[in-house]
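Spelled out from the first residue to the last, the chains are:
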Amino acid sequence: GGVRAGHRGGGGGDRATTRCDGNLLAGWSLVSYYARSDVGREILKRDFDLCMGLKAGDGDKLLEWMQSPFFDMAEGDFPFESSYISSAVGPGVYNLPPWVMGTNRPF
């Protein structure tokens, strides 16, 4: 399955753009590509400001780390405020806004 960024619809109109989806999917592909070589892994280390370098085979771990926030937010993408995700993953309990996947603001 693929990764779909953005909003399914519901409260507040079209918040996801094709460009956003395409950029995210292209980013996943580029990380996979760069993770295959020593030079590419150095570029990823530098551009992501990683504390430790990547080893061969670490590309999937980096992708999982990149996708994790989207997965967590999508799981709590309700039409109302919810602390469902923050109470499960901590630290603390914080309400996320309604339709969090379509909200483009820092928390």
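Here's a quick rundown of the structure. Small disclaimer: the values here were computed from a predicted structure and weren't measured.

Focus on helix H2 (residues 38-47)
And then number 1: Inspection of H2 places Gly40, Arg41 and Leu44 among the buried residues, and these make up the whole buried set. Relative to the axis of H2, the buried residues are bounded by an arc of 100° and lie together on one face. Counted as exposed and oriented over 90 degrees from the buried face of H2: Asp38, Val39, Glu42 and Arg46.

Some words on unusual backbone geometry
And then number 1: Despite not being glycine, Asp49 has its phi angle at roughly 55°, a positive value.
And then number 2: On the secondary structure map, Asp49 appears in the loop between H2 and helix H3 (59-75).
And then number 3: Of the residues examined, Asp49 reaches a relative accessible area of 66% and is grouped as exposed.

What to know about the packing of aromatic side chains
And then number 1: Counted according to the given criterion, the structure contains 4 aromatic pairs.
And then number 2: Ring geometry for Phe48 against Trp65: centres 6.3 Å apart, planes inclined by 80°, an arrangement best described as edge-to-face. With Phe48 in the loop between H2 and H3 and Trp65 in helix H3, this pair connects stretches of sequence that are 17 residues apart.
And then number 3: Accessibility expressed as a relative area gives 30% for Phe48, which makes it partly exposed.
And then number 4: Judged by centre distance (5.2 Å) and plane angle (5°), the rings of Phe78 and Phe80 are stacked.
And then number 5: What makes Phe78 partly exposed here is its relative accessible area of 25%.
And then number 6: Connected via pairs of aromatic rings, a cluster forms that spans Phe78, Phe80 and Tyr84.

Describing the environment of Ala74
And then number 1: Its place among the elements puts Ala74 in helix H3.
And then number 2: For Ala74, a relative accessible area of 36% puts it in the partly exposed group.
And then number 3: Between the C-alpha atoms of Ala74 and Val100, which are 26 residues apart in sequence, the distance is 7.6 Å.

Topic: the pattern of salt bridges
And then number 1: Applying the stated criterion across every chain, the model contains 3 salt bridges.
And then number 2: Of the charged contacts, one joins Arg46 and Asp47 as a salt bridge, the two residues approaching to 2.9 Å between their closest N and O atoms.
And then number 3: According to the relative accessible area criterion, Arg46 is exposed, its value standing at 58%.

Conventions used here
- Residues numbered from 1 in each chain as written.
- Predicted model: local features only at pLDDT ≥ 70, side-chain atom pairs only at ≥ 80, totals over all residues.
- Heavy atoms only, no water.
- Buried < 20%, exposed > 50% of the residue type's maximum accessible area, 1.4 Å probe, protein only.
- Helix = DSSP H or I, 4+ residues; strand = E, 2+ residues; numbered from the N terminus.
- Arc of directions from axis to C-beta.
- Phe/Tyr/Trp six-rings, centres within 6.5 Å; stacked < 30°, edge-to-face > 60°.
- Salt bridge = Lys/Arg side-chain N within 4 Å of Asp/Glu carboxyl O.

So far we have only geometry, and geometry alone does not tell us how the molecule works.
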